[in-house]
Each structure stands twice: as structure tokens, then as C-alpha cells.
Amino acid sequence: MKVSLEWLKQLVEIKEKAEDLAETLTRGGIEVGSVENLDKGLEKVVVGEIKELSKHPDADKLWICQVSLGTEMVTIVCGAQNLRIGDKVPVARDGACLPNGMAIKTAPLRGVVSEGMLCSAGELLLDDSLGDPRSEGGILIFAPEAPAGQDLAAFLGLQDSVLDLELYPNRPDCLAMVNVAREVSFLSGEKLNLPEWADLEKKPPLPLAQSPAVVIDEPELCWRYAGLIVEDVKIAPSPQWMQRRLRAAGVRPISNIVDITNYCMLELGQPLHAFDHDKISGSIHVRRAYAGEKMLTLDGVERELEPEMLLIADEQQPLALAGVMGGLDSEITEATKRIFIEAAHFAGYSIRRTSRKLGLRSEASNRFEKGVNPYGVVATLNRVCELVVEMGVGRPLALADETRLLPPLLKLDLSAEHTSRLLGVEVTKNEVCRVLDKLAF
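Here we take up the nonpolar core. Judged by nonpolar contacts, the single largest core of 56 residues is most densely connected at L8, L163, L165, I260, L381 and V384. The element that contributes the greatest number of residues to this core is helix α9 (residues 377–390), accounting for seven residues. Dropping the residues within four chain positions of it, L381 is found in contact with P204, A226, G227, L228, L272, I341, A343 and L399. Membership of the second largest hydrophobic core comes to 34 residues, among which are C222, V286, L311 and L358.

Here you go:
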């Protein structure tokens, strides 16, 4: 689990540096494998605007670029062929040491002094989806509104640190940002600032969906299956703040709907999947695969299924490998106008078996295998509703919620004496209560 410090600070007060917080978490039993500072190697990289382009007098494939850095002009010799006057691009200044290890110095290039280097996404170890489509295979090109002269890390929101948590199977709760925040609050003594959407009792104020109907054919493998119907959907890129946080968590942004599902999964630990509602025929069934049944998954591979595998299907065809990967035939596209967003509780052993058999691992399967809270299923869809409305993505219309098993919340008897014997250290009743209260039990 990759945890963005900037994102975490929205949920809990943090006064420690990233490295100190990593030490605090590790001592508290949540091992931090590494700390990555996202702006490392970008200290002397800024946004530049190309003002002039001219052919190098002694090299047919080189350009002499006059680049504005806001308050000054620099001359840079470049061999890329995807540049135009007015382009906003990353400029590595003299003395920069890029994330890929390349050191930049002012030096003559075929007789013309170059005062730095224009950079590609690969040289900065950045996702090439950040730039204009012309960036592919060449210099990274930003949107026209990028401010010339601004530090690149500030422009891209990379003034952040990421803690990579190495979680054991008994701590699936920490595959959610809200629960990492609880741990940090307890271990550091700082204030927890969880928003209302973190309340697992909260449900979307929506009527029950009449269509599609949900039929759970395998109640021992699926305790609960819920879905949110959204109309008037507008597919577009998600906001930059969401894209930055997803990238920090190791998730590539795709579109606003897909990004919302991934973002809410990272916040609350409940995997989600979005279907094109108009590609669903009749009722939704949670069933086992038929012998010899096949389906085309989102990665473009046709997979032969086995009867032990749990599927999400309509009356005609499979829609998704439950908890593992969606199907290509029901995926979200730019033409999508209505969606059905799934949130469910699947048996961990079933998802693990399917994932291993097909060699498919995903963020969703990782969470289902370790255990998902059945009480968080509908609450997560409430958070989805909030983001859909906030981002102007569509209009939440109705909610489906088919429940076969919702285990009763346990009430446990605990004594300070027994706790002391078990731990081998003396603890008092007040101390036990303080710990439980701080963890919001």
C-alpha cells in the first residue's frame, strides 16, 4: 500500500517528517519498506515556453530553441522533432541531476552552447499520460496554461512523499487510507480528522433500483452485492488533484469514472467496478461459471473459465470475473451515458483461487483475498455519490442492495487481568480503555 503524505494529511494531523513518520509506524507494527520523495531529481527542472525554433547550422537533425523561463531566456539545443513554437515543456537547468541519473551541464553542442536540456517523460521517470499526445516518443509537452518559470515539482503537485507499507495478511484494514490515518493518530497522538463519508453507517439518500435486478446465486461466495446507477454521465479526464493522488498510490489515471472507483477503493478499502449500464441485458447474476464458458477480459485476453470461478453475469453473457477483472464487452467508453457501479463482498478464498488460476492480480483481488468489511459496501457507494456530484460527472439515480449475509457485530468481554497475562506486561483498565477509545472502538 503506497500512502501519499499529502493525502494522509487531509485525514489526520501530521507534524513529523516522512522519514520520522515511517519510523513511528514501523515501531507500531505497520512496517514501512521505503519512503519516496516524489520531487527527487526535479530540484532544478522548471516549466519553459518555446519562443523560437531554428535549424542548427551544422546538424540537420538538431534544433536551436529559444526558451522562456518566465524571467529569463535560455538557448537549448535539442534533437526532438515533436516541438512547436509556444509549447510548454520541462527544462532541466545547469546542475540538475535527473531522476534517471543524468547530470545536466551547460556545454557546446556542435558549436552552439546549450544551457540545459528539454526533457521527455522517460528522462524524468514520469507517466507519459501527463502530456499532450504529441509527447509520445519525444519531449514532454504540457497544456498551454502551464506557467513558464514554475518549478516542475510544484506544477505537477510532486512536492509529496510516499510511504510504501509492507502489510502482513492480518492487517487488510490498512489497505485503506482512513484506517492508516487511524493508526497514525493513535501512534503519534495527533488529531484524527475523518470526514462524514468515512462513517460506515451512512447510505446514499436514493430510492431502490428497479432495474437491473440483482440475483445472488452463490450466497456462500457473495454475502452482499450493491450497485449505484448514475445517469447523464460525462466521460472526461479526472481533476489533476485526483490524478496526482492516484499516481502517488501507484494507480494510473484513466477517466473520471474509473478514477473515482479507484480513488474510493484507496480511501475506504472497498473495491468497486463500473459497468456500462446499457450493455447489461436483464438481471445481474452472481453465479459460478459454466463448464467451457469463455469471456473477454479488460486486458483483451479471451479466458476459458472453470465452474469454481465466480462471475458477474447478465441474462446473456459474463460481465466480470468477480473481484478480479471486468469484461471488455461491458467496459466504460467515451460513448457511455449510464453506468452501474458495483460494490460487493466476495469470499476471499474464491477470489484467491480464481486470481491464481488465471494468473491475474489486481488491487481489487488483493483486498478481497485478505478480507473486505461487508458493512462498508454501501457506505463506499455513498462516497462515490459525493464525488460524482462534486466533479459534475453525472446524476446518481438509484441504489441496488442485495444482502444474503451481514454478520452481527461482535461484543467481546475483555479484562485488564487477562490482557496483562496474555501480553506479559501489566496494563490497567484505564490504559486499555484509552487505547480502544483512541482506535475508535
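Moving on: the sheet that holds strand β17 (residues 310–313). Pairing between the strands of a sheet is mediated by backbone hydrogen bonds and can be parallel or antiparallel. The five strands are arranged β11-β14-β17-β18-β19 in an open sheet whose pairing can be described as mixed. Taken across any chain shown, the strands that pair with only one partner, and hence form the sheet edges, are β11 (214–216) and β19 (325–326). Of the strand pairs in this sheet, β11 and strand β14 (residues 284–288) are connected by three bridges, and their pairing is parallel. In the sheet register, I216 faces β14, and the bridge partner there is V286.

Counted according to the given criterion, the structure contains 26 salt bridges. Across the salt bridge formed by R287 and E293, the nearest N and O atoms sit 2.9 Å from each other. Taken as a pair, R287 and E293 share a single burial class, namely buried. Three or more residues joined by partner-sharing salt bridges are found here, namely E231, D232, D278, R338 and R395.

This paragraph deals with the sheet that holds strand β6 (residues 88–92). Strands sit in the order β5-β4-β3-β6-β9 across an open sheet of five strands; the sheet is antiparallel. Each having just a single partner strand, β5 (73–78) and β9 (117–118) make up the two edges of the open sheet. In the sheet, strand β3 (residues 45–56) pairs with β6 via five bridges, with the strands oriented antiparallel. Within β6, the residue paired with V45 across the bridge is A92.

Rules and cut-offs
- Residues numbered from 1 in each chain as written.
- Predicted model: local features only at pLDDT ≥ 70, side-chain atom pairs only at ≥ 80, totals over all residues.
- Heavy atoms only, no water.
- Core = buried A, V, L, I, M, F, W, Y, C linked by side-chain atoms within 4.5 Å.
- Buried < 20%, exposed > 50% of the residue type's maximum accessible area, 1.4 Å probe, protein only.
- Helix = DSSP H or I, 4+ residues; strand = E, 2+ residues; numbered from the N terminus.
- Contact = heavy atoms within 4.5 Å.
- Pairing = 2+ DSSP bridges.
- Salt bridge = Lys/Arg side-chain N within 4 Å of Asp/Glu carboxyl O.

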